[in-house]
Amino acid sequence: MLRKLKVGFLKRSVTLVVNTIILVASLLTALGVIIATFIKVYKFIRKCEKWIEETNEHSLDNYLSIKRLTIMSHEMPLSERIDAGEKYIKYGGNGEVKHKYEELISLLPKESIINKSDE
């Protein structure tokens, strides 16, 4: 009878150990899947951020190019060319186009410069 108790106790102990090992392995597997999913989501978000940064950079380049063309175009009205020049300089434009903008400002009558600064 004592032998039967020992065998029964050992069977339950082994079953308990096996079940615990299975539970721990299941938890580790689930944790691995969760971590892998977070890593994939993180990489996707970083990729989207890079794409957005590149798109913003291209958008600013296009904006400055349009302003540059407006400033240099002799067919555009002087007021539009000056407005484009102000925006061009505001967003970091420089160089020959800035000099052209300053030249355009000197072409304006003094009264319109004073009125524009009052607004």
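Overview of the structure. Small disclaimer: the values here were computed from a predicted structure and weren't measured. Along each chain, residue indices are assigned from 1 in the same order as the chain's sequence is written. Given that the model is predicted, a residue must reach a pLDDT of at least 70 before its local features are reported, and side-chain atom pairs must reach 80 or more before they are shown or counted; all residues, however, enter totals for whole chains, interfaces and linings. The side-chain figures draw on all heavy atoms in the structure; neither hydrogens nor water molecules are used.

### Re the overall build of the protein chain
This is how the line gets drawn: Put simply, DSSP H or I for four residues or longer makes a helix, DSSP E for two residues or longer makes a strand, and each gets a number counted from the N terminus. The buried label applies to any residue whose accessible area, calculated with a 1.4 Å probe on protein chains only, is under 20% of its type's maximum; exposed applies above 50%, and partly exposed to all values in between. Residues count as neighbours in contact if any of their non-hydrogen atoms are within 4.5 Å of one another. Surface accessibility in these figures is a Shrake-Rupley result with a 1.4 Å probe; residues are shielded only by whichever protein chains are displayed.
Secondary structure summary: the protein chain contains four helices and zero strands in total. In the protein chain, which comprises 119 residues, the share counted as buried stands at 13%. Sequence-distant contacts in the protein chain: of pairs separated by 6 or more residues, those separated by 24 or more amount to 40%. Accessible area of the protein chain: about 10,100 Å², with a carbon and sulfur share of 65%.

### Digging into a negative patch on the surface
This is how it is decided: What goes into a patch is any residue over 30% in relative accessible area without a salt bridge, connected to like charges within 9 Å or, for nonpolar side chains (Val, Leu, Ile, Met, Phe, Trp, Tyr), within 5 Å. Between Lys or Arg on one side and Asp or Glu on the other, a salt bridge is scored when a side-chain nitrogen of the former is within 4 Å of a carboxyl oxygen of the latter. In this tally Asp and Glu are treated as negative and Lys and Arg as positive; neither His nor the chain ends contributes. Think of each charge as sitting on NZ of Lys, CZ of Arg, CG of Asp or CD of Glu.
A contiguous patch of negative charge, built from Glu53, Glu54, Glu57 and Asp61, is present on the exposed surface. One can find Glu54 in helix α1 (residues 2–72).

### Overview of the nonpolar core
Note the cut-off: We call a set of buried residues a nonpolar core when its members are Ala, Val, Leu, Ile, Met, Phe, Trp, Tyr or Cys and they connect through side-chain atoms within 4.5 Å of each other.
Judged by nonpolar contacts, Leu64, Ile71, Ile82, Ala84, Tyr88, Val97, Tyr101, Leu104 and Leu108 together constitute the single largest core of nine residues. The set of elements that each furnish at least two residues to this core consists of α1, α2 (78–90) and α3 (96–107). Among residues more than four places away in sequence, those in contact with Ala84 are Lys67, Thr70 and Ile71.

### Comments concerning the packing of aromatic side chains
Let me state the cut-off plainly: Here a Phe, Tyr or Trp ring, Trp counted by its six-membered ring, pairs with any other such ring whose centre lies within 6.5 Å, and the pair is stacked when the planes are under 30 degrees apart, edge-to-face when over 60, and tilted otherwise.
For the structure on display, the rule yields one aromatic pair. Measuring from ring centre to ring centre gives 5.3 Å for Tyr63 and Tyr91, while their planes differ by 80°; the resulting arrangement is edge-to-face. Here Tyr63 is found in helix α1, whereas its partner Tyr91 is found in the loop between α2 and α3, with 28 residues between them in sequence. Judged by its relative accessible area of 29%, Tyr63 is partly exposed. The class for Tyr91 is partly exposed, based on a relative accessible area of 42%.

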